[in-house]
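# Working through the structure, step by step
What follows is each chain in one-letter form.
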Amino acid sequence: SKKFTNKTYMKKALKNTNIFYPKFGELKYIEHYNFNYPIVLKPKNGNSSKGVTIVKNSNELLSFITHCKNIENYEFEEYISGDIYHVDGYVSKGKLKFCKPSRYINTPLQYETNNSPLGSQLILDKNFDLKVFNFTKDVLKTLGLKNSVFHLEFIYHNGNLFFLEVGARQGGGEIVPLYKQVFGIDLVKILLKTQLLENIDERPIRKEKSGGYLLFPVPNNAPCIVNKVTKINNIKTIKYQIYSNKGEKLTKNGGYYFNSGRFLFIGDFITIKKDIKRVIDEFKIYTEKIKWKDY
């Protein structure tokens with residue numbers, strides 16, 4: 001369904017509801033809209049923030065439109081300030097069975113364009129959890145999701161949740177192993193069962209522990225070869241760390257999985273928050289640019 005693959009379709013489906021979402025429109029018709037800068041330009045069916053940009057004035061907008069090779073596939077949204085969250089879970093027989101919110105550390109756009117690490121941490125707040133559950137239930141019911149896992153993103157702005165986008169799939173990064181560790185459920189297995197029309201018998205563990213993950217992008221000088229990686233030691237909340245080895249060749253095509261380093265954290269909320277900051281400060285990768293003919 002385009003309601004789960006096309007960002008314009010999914011927001012159109014939320015019109016005339018009580019669900020908040022950014023003002024939006026088709027980029028090719030932008031001259032017909034009244035809007036304030038900055039605005040966000042997005043491919044309608046993209047993922048991982050590929051092709052997304054924020055323009056701050058009319059000159060930047062004109063430059064983007066002039067050089068855009070596929071304006072038909074772009075939408076624009078008003079820029080809404082606030083923390084960005086993702087909520088992951090599953091729906092069975094039209095009912096929201098389970099979901100939990102996580103706050104992004106940096107954003108997918110910063111990972112894609114600014115070479116910033118990207119991560120998130122599970123939120124352990126019962127009031128916020130309930131607010132997110134009800135919001136997610138309303139969104140998925142409106143969009144008509146009956147049997148599937150999902151990955152939904154929203155902005156928390158002035159006490160309100162603003163819908164950004166949703167996919168009828170598991171989230172990327174380390175979300176799947178994180179949910180296995182913290183809640184004892186396998187989102188990929190659940191998705192497969194929904195596709196085979198089987199009953200979902202997963203029973204999440206309701207543990208009061210947090211978790212998070214952190215991804216480090218490939219350096220800007222890619223294609224490159226790894227000379228050295230700093231190893232992170234003596235952090236008990238790190239469940240695993242996977243990083244590029246000396247001599248490994250890196251390109252910019254690896255996305256969230258083939259990158260400089262991936263970390264999964266399990267433990268109490270405060271400690272994980274401190275440990276994630278420490279890893280961001282301490283993790284370093286040293287590379288040497290290589291020519292494509294040598295790759």
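These lines cover the structure that appears in this document, whether it is placed above or below. (Residues numbered from 1 in each chain as written. Predicted model: local features only at pLDDT ≥ 70, side-chain atom pairs only at ≥ 80, totals over all residues. Heavy atoms only, no water.)

### Quick notes on the sheet that holds strand β1 (residues 24–26)
Within a sheet, each strand pairs with its neighbour through backbone hydrogen bonds, oriented either parallel or antiparallel. Strand order in the open sheet formed by 4 strands is β1-β4-β2-β3, and the pairing between neighbours is antiparallel. If you trace the sheet from one side to the other, it starts and ends with β1 and β3 (53–55), each paired once. In this sheet, neighbouring strand axes are inclined to one another by 25° on average, regardless of whether the strands run parallel or antiparallel. Bridging between β1 and strand β4 (residues 74–78) involves 3 bridges; their strand directions are antiparallel. Along β4, the bridge assignment pairs E26 with E75. Against the sheet, helix α2 (residues 58–67) makes contact with β2 (39–43), β3 and β4, and its axis sits at roughly 135° relative to β3, the strand it touches most. (Pairing = 2+ DSSP bridges. Helix = DSSP H or I, 4+ residues; strand = E, 2+ residues; numbered from the N terminus. Axes fitted to C-alpha atoms, helices over the stretch in contact; angles between N-to-C directions. Contact = heavy atoms within 4.5 Å.)

### Describing the pattern of salt bridges
Any two side chains of opposite charge can pair, given that their charged atoms come close. Scanning all chains against the criterion turns up 11 salt bridges. With its nearest N and O atoms 2.8 Å apart, the salt bridge here joins E77 to K11. Of the two residues, E77 sits in strand β4 while K11 sits in helix α1 (residues 7–12), which places them 66 residues apart along the sequence. For E77, a relative accessible area of 2% corresponds to the buried category. Taking relative accessible area as the criterion, K11 reaches 0% and is therefore assigned buried. Residue K28 pairs with E72 through a salt bridge whose shortest N-O separation is 2.7 Å. Taken together, the residues K28 in the loop between β1 and β2 and E72 in the loop between α2 and β4 connect sequence positions 44 residues apart. Classification of K28 by relative accessible area gives partly exposed; the value is 27%. Residues participating in the shared-partner salt-bridge network are K11, K42, E75, E77 and E165. (Salt bridge = Lys/Arg side-chain N within 4 Å of Asp/Glu carboxyl O. Buried < 20%, exposed > 50% of the residue type's maximum accessible area, 1.4 Å probe, protein only.)

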